[in-house]
Amino acid sequence: MTQSPASPPPLYVPREPIFPRRVRGKFRTLKWWIMGVTLAIYYLTPWIRWDRGPNLPDQAVLVDLAGRRFYFLWIEIWPHEFYFVAGLLIMAGLGLFLFTSALGRVWCGYTCPQTVWTDLFILVERWIEGDRNARVRLWNADWSLNKVRLRLTKWAVWFLIAMATGGAWVFYFADAPTLARDLLSFGAPLVAYSTILILTATTFVFGGFMREQVCNYMCPWPRIQAAMMDNDTLTVAYRHWRGEPRGKHRKAKGADQLGDCVDCMACVNVCPAGIDIRDGQQMECITCALCIDACDEVMERIGKPRGLIDYLALSDEKAETKGAKPRPIWRHVLRPRTILYTAMWSLIGVALVYALFIRSDIDLTIEPVRNPQFVTLSDGAVRNTYTLRIRNLTAEDRTFRVMLTSEDILRIDVETDGQSPNHVTVPANETMQARVYVIARPQDAAADREITDLRLWVEDVETDDRAGVTTIFNGKG
Amino acid sequence: MADKQDIDDVTGTDTTGHEWDGIKELNNPLPRWWLWTFYGTVVWGLAYTIAYPAWPLINSATTGVLGYSTRAEVAERIAEVNAQNAELTERLASADLATLAPDDPAHRFGVAGGASVFLAHCSQCHGSGAAGVQAAGYPNLLDDAWLWGGTLEDIEYTVRHGIRNETDPDARWSEMPAFGDIMSDEEIDQTVEYVLSLSGQDHDAAMAEQGMVWFQEQCTACHGDNGEGIRELGAPTLNDAIWLYGGDRETLIETVTYSRFGVMPAWGQRLDEEEIKAVTLYLHQLGGGE
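Rules and cut-offs
Each chain has its residues counted from 1, following the order in which its sequence is written. Both sets of labels track the order of writing: A upward for chains, 1 upward for ligands. For this predicted model, a pLDDT threshold of at least 70 governs which residues receive local features, and a threshold of 80 or more governs which side-chain atom pairs are given and counted, while totals over whole chains, interfaces and linings are taken from all residues. Secondary structure elements are defined from DSSP: runs of H or I of at least 4 residues count as helices, runs of E of at least 2 residues count as strands, and each element is numbered from the N terminus. Radius of gyration here is computed from C-alpha atoms only, and the compact-globule reference equals 2.2 Å multiplied by the residue count raised to the power 0.38. The exposure scheme places C-beta atoms from the backbone and then counts, for each residue, the other C-beta atoms within 10 Å of its own, assigning buried at 20 or more, exposed at 12 or fewer, and partly exposed in between. In this description, any two residues whose backbone-derived C-beta atoms lie within 7 Å of each other are considered to be in contact. Whether two strands pair depends on DSSP finding at least two bridges between them. Only the stretch in contact is used when a helix axis is fitted, and all axes are lines through C-alpha atoms; the angle between N-to-C directions ranges over 0 to 180 degrees. All domain edges in this entry derive from an automatic or database-based domain assignment. For this classification, the nonpolar set comprises Ala, Val, Leu, Ile, Met, Phe, Trp, Tyr, Cys and Pro, the charged set comprises Asp, Glu, Lys and Arg, and every other residue, Gly included, is treated as polar. To estimate the expected span of a helix, subtract one from its residue number and multiply by 1.5 Å. Nonpolar cores are built from buried Ala, Val, Leu, Ile, Met, Phe, Trp, Tyr and Cys residues. These are joined into a set through C-beta atoms within 7 Å. By the definition adopted for this analysis, an angle is roughly parallel if under 35 degrees, roughly antiparallel if over 145, roughly perpendicular if from 65 to 115, and oblique otherwise. Crossing handedness follows the turn of the near helix against the far one: under a right angle anticlockwise gives a left-handed crossing, and clockwise gives a right-handed one. Predictor confidence is given residue by residue as pLDDT, running from a minimum of 0 to a maximum of 100.

A. Inspection of the overall build of chain B at higher detail. In terms of helices and strands, chain B carries ten helices and three strands. The linear arrangement of helices and strands in chain B, starting from the amino end, is β-β-β-α-α-α-α-α-α-α-α-α-α. At 36 Å, chain B has a C-alpha radius of gyration far larger than the 19 Å of a compact globule built from 290 residues. If one aligns the C-alpha atoms of chain B with their principal axes, the spans along those axes are about 120 × 55 × 40 Å. Across the 290 residues in chain B, those meeting the buried criterion constitute 28%.

B. Spotlight on the overall build of chain A. Counting secondary structure elements, chain A contains 17 helices and 15 strands. A globule of 477 residues ought to have a C-alpha radius of gyration of about 23 Å, yet chain A, at 33 Å, is considerably larger. For the C-alpha atoms alone, the extent of chain A along its principal axes is close to 115 × 60 × 55 Å. For chain A, buried positions account for 28% of its 477 residues. The contacts of chain A with a sequence gap of at least 6 include a subset with a gap of at least 24, amounting to 68%.

C. Representation of the sheet that holds strand β2 (residues 61–64) of chain A. Residue and element names in this part refer to chain A. Sheet architecture is open: three strands sit in the order β2-β3-β4, paired in antiparallel fashion. Among the strands making up the open sheet, the edge pair consists of β2 and β4 (75–77). Taking each pair of neighbouring strands and ignoring which way they run, the sheet shows an average axis angle of 10°.

D. Molecular detail of the domain arrangement of chain B. Residue and element names in this part refer to chain B. By domain assignment, chain B separates into domain 1 (105–174 + 265–290) and domain 2 (176–260). Distance between the C-alpha centres of domain 1 and domain 2: 27 Å. Taken together, the contacts link ten residues of domain 1 with twelve residues of domain 2. Across the side of domain 1 that touches domain 2, the residue classes tally to four nonpolar, four polar and two charged.

E. Spotlight on helix α6 (residues 185–198) of chain B. Residues and elements named next belong to chain B. For α6, spanning 14 residues, the distance from its first C-alpha to its last is 20 Å, which sits close to the expected 20 Å at 1.5 Å a residue. Here α6 has its buried residues at Ile188, Asp189, Gln190, Thr191, Val192, Glu193, Tyr194, Val195, Leu196, Ser197 and Leu198. Elements in contact with the buried residues of α6: α7 (205–218) and α9 (249–258). Immediately beyond the C-terminal end of α6, within one or two residues, lies glycine 200, with a positive phi of roughly 75°.

F. Spotlight on the nonpolar core. Among the nonpolar cores identified, the biggest contains 48 residues, and Val236, Cys267, Leu290, Cys291 and Ile309 of chain A are the most heavily contacted of them. Those elements that provide at least two residues to this core are α2 (83–103), α3 (106–111), α4 (113–129), α6 (145–170), β5 (235–238), α12 (266–270), α13 (290–301) and β6 (309–312) of chain A. Every residue in contact with leucine 290 of chain A, bar those within four places of it in the chain, is listed here: Val23, Phe27, Arg28, Val270 and Cys271 of chain A. Of all hydrophobic cores here, the second largest spans 47 residues; its members include Val414 of chain A together with Ala130, Val159 and Leu283 of chain B.

G. Summary view of the sheet that holds strand β12 (residues 423–426) of chain A. Residues and elements named next belong to chain A. Taken together, the four strands give an open sheet; going across it, the order is β12-β10-β14-β15, and neighbouring strands pair in antiparallel fashion. Looking along the sheet, the strands with just one partner apiece sit at the ends: β12 and β15 (466–474). Mean inter-strand twist for the sheet, computed between neighbouring axes without regard to direction, equals 30°. Bridge count for strand β14 (residues 451–460) against β15 is nine bridges, and the pairing is antiparallel. Counted as the bridge partner of arginine 455 is threonine 470 from β15.

H. Representation of the packing of helix α5 (residues 152–161) of chain B against helix α10 (residues 273–284) of chain B. Residue and element names in this part refer to chain B. Interhelical geometry of α5 versus α10 gives an angle of 130° and a closest axis separation of 9 Å. Here α10 runs oblique to α5, going by the angle between their axes. Judged by the twist between their axes, the crossing of α5 over α10 is right-handed. Contact residues: Leu152, Ile155, Glu156, Val159 and Arg160 in α5; Ile276, Val279, Thr280, Leu283 and His284 in α10. The residue makeup of the contact of α5 with α10, split by class, is six nonpolar, two polar and two charged.

I. Broad picture of the packing of α6 of chain B against α9 of chain B. Residue and element names in this part refer to chain B. Interhelical geometry of α6 versus α9 gives an angle of 125° and a closest axis separation of 10 Å. By the criterion of interaxial angle, the relationship of α6 to α9 is oblique. As for how α6 packs across α9, the hand of that crossing is right-handed. In this structure, α6 contributes Ile188, Asp189, Thr191, Val192, Val195 and Leu196 to the contact, and α9 contributes Arg249, Leu252, Ile253, Val256 and Thr257. Split into classes, the residues belonging to the contact of α6 with α9 amount to seven nonpolar, two polar and two charged.

J. The confidence of the model for chain B, seen in detail. Confidence in the prediction of chain B, expressed as mean pLDDT, is 92, and 98% of residues score 70 or more. For this predicted complex, the interface score ipTM comes out at 0.81, alongside a pTM of 0.78.

K. Inspection of unusual backbone geometry at higher detail. Residues and elements named next belong to chain A. With an omega of -10°, the peptide bond running from glutamate 244 to proline 245 counts as cis. Looking at the secondary structure, you find proline 245 in the loop between α11 (240–243) and α12. In this model, asparagine 371 is joined to proline 372 through a cis peptide bond whose omega is 0°. By the secondary structure assignment, proline 372 is in the loop between β7 (362–368) and β8 (375–376).

Here is the structure:
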């Protein structure tokens, strides 16, 4: 055993505070736009109206948990069509793989809610407490009236944003204007308030205090994403060959030996993850590209070419070090891996769109009663019983005639509440259960055979729309 | 901090100073908030076991300071549901089933509740699907043949008073003699051949001709001239496809020789009024009700 250190190193570390400096540049501008668009989508979507007729809600995007329906513009998803949601989730996963293998952690850097809200919270922090240097000073300062005032103001604004965030979430699950009225008049269901409370708390804590800790310790994606990346993945990297050896003193002796990096720490100061990109690829890096903007600004000022820190593939870094030219971007992006992800993504997308277009607005399932499989009637006829479920996926009540086709002569008898025989009415947007008897007379072949295939049809009496379902008839055989 | 850092060469990471066979333990410290979260869960877990029933004792367990019990909660929920349904229950218990409309909420309530009553009290003999057990003479309740009648009124009476039991003086009652004491084996064989012919089954025509004479003499009083049965007496129809104990030659000989004596309890003594009404409604809508 080697010599132990005099005092053992700590096994737990406190969070190192990070004070990202303000930066200007093309990636920062892009991020402002993405922040604006994603936040607008999140806060405004529940308020978009979409007329679906008298019996259905008029909210464009609505998850109706109680009614077990999901409304998205003209699409209405029933519980039995949940594969659409599963398909979309698979597409989202594959899309994430595709973008990660092509462009590294662009999801993390630009669109992840944790990044977007943290960015927003830092913006608020900067407005109230000043930029990096002022914030560092305030952090180190003793508690004073001014510090308390600034902190309380910041927390209050954060809290309002957090509450708006939690508040917007619940509008996806109920009619937004009605729920908003109920919330303000304290008449909304308890679950709405508790959801808002929980999401307010998580937004406040994650955006204000946890920030990069969420990415580093709570989110699995930073640990998984390395599997999607290879030497061709474009990611934020430092041109080591160009920057090193770094040095501040441009006028000192031997300065002509130095690389382009002036060690100004601009890239470190703007980093929301608190890392130094010059150390190479790191798990903590969310590739937000703000260090690119910061470095470009400095390079411009000292009259060096931009791109000391840049979107760069590892293979390019190697090639450039040897003096070779980097490969064009399209050759990095178009490679078997990304093509495969794109193909899989498109395949599922096409399949979902196809499934969406072929789906009928009448849906049937049939369940033969198996206890007992058949009943012998006094005249020797054999009767099977079925539970037929008819889903009416439209906004109007519909009346259906239930019919039967079989090569053998069988009689159908649908239990109805005193309507015309074999007719059932299914209310709008509902599922109805009807008991159907199918009877084979003693002389019918199906009566003595073990199993006979048969097909049940329902036909809308007004529109003649049809839907069918196959099942079997159990005979005595 | 240690004054002498022990840095791993390969990763450049601090080590804890622990080493086993040349393998050093790297020190990637956890965030402190994680530690506090861990302590928090420990405190929460302990508090939970104090607040709720948890710690096992010899014959029981601690009850928890909140006094929560799943059993009490179930009882409470049942009481809640019963209170909600009180009006329907009352309406069903006092209803005249023959005039209760099928779309009446009490009717639907009865059918749904009747299914539970059936499974709890009737399925032991009649089967969970109500198809009966022919080998034991438990009737199939799904078909269109009823020994004592298949109207709501008939079914309700049968459920309430039962069949051939000693406990209810109003029980349905009929008894077929054991013809083994009255007729010779040959006469019984001939009668059975005739009974087989009534329902169109394969039979010996010569024996059946003789059997018809015995049938006219012994059986028509209860089973009718053509074996059509008489419901008031609970005498089964013999010219259809449905047999309580079985319609083959062997079973018929056994039935005629030794007779049958199936018993059903009087459920009026065991079930509540609304339960009887409910199970009647349930049975009537299974496919055979008249």
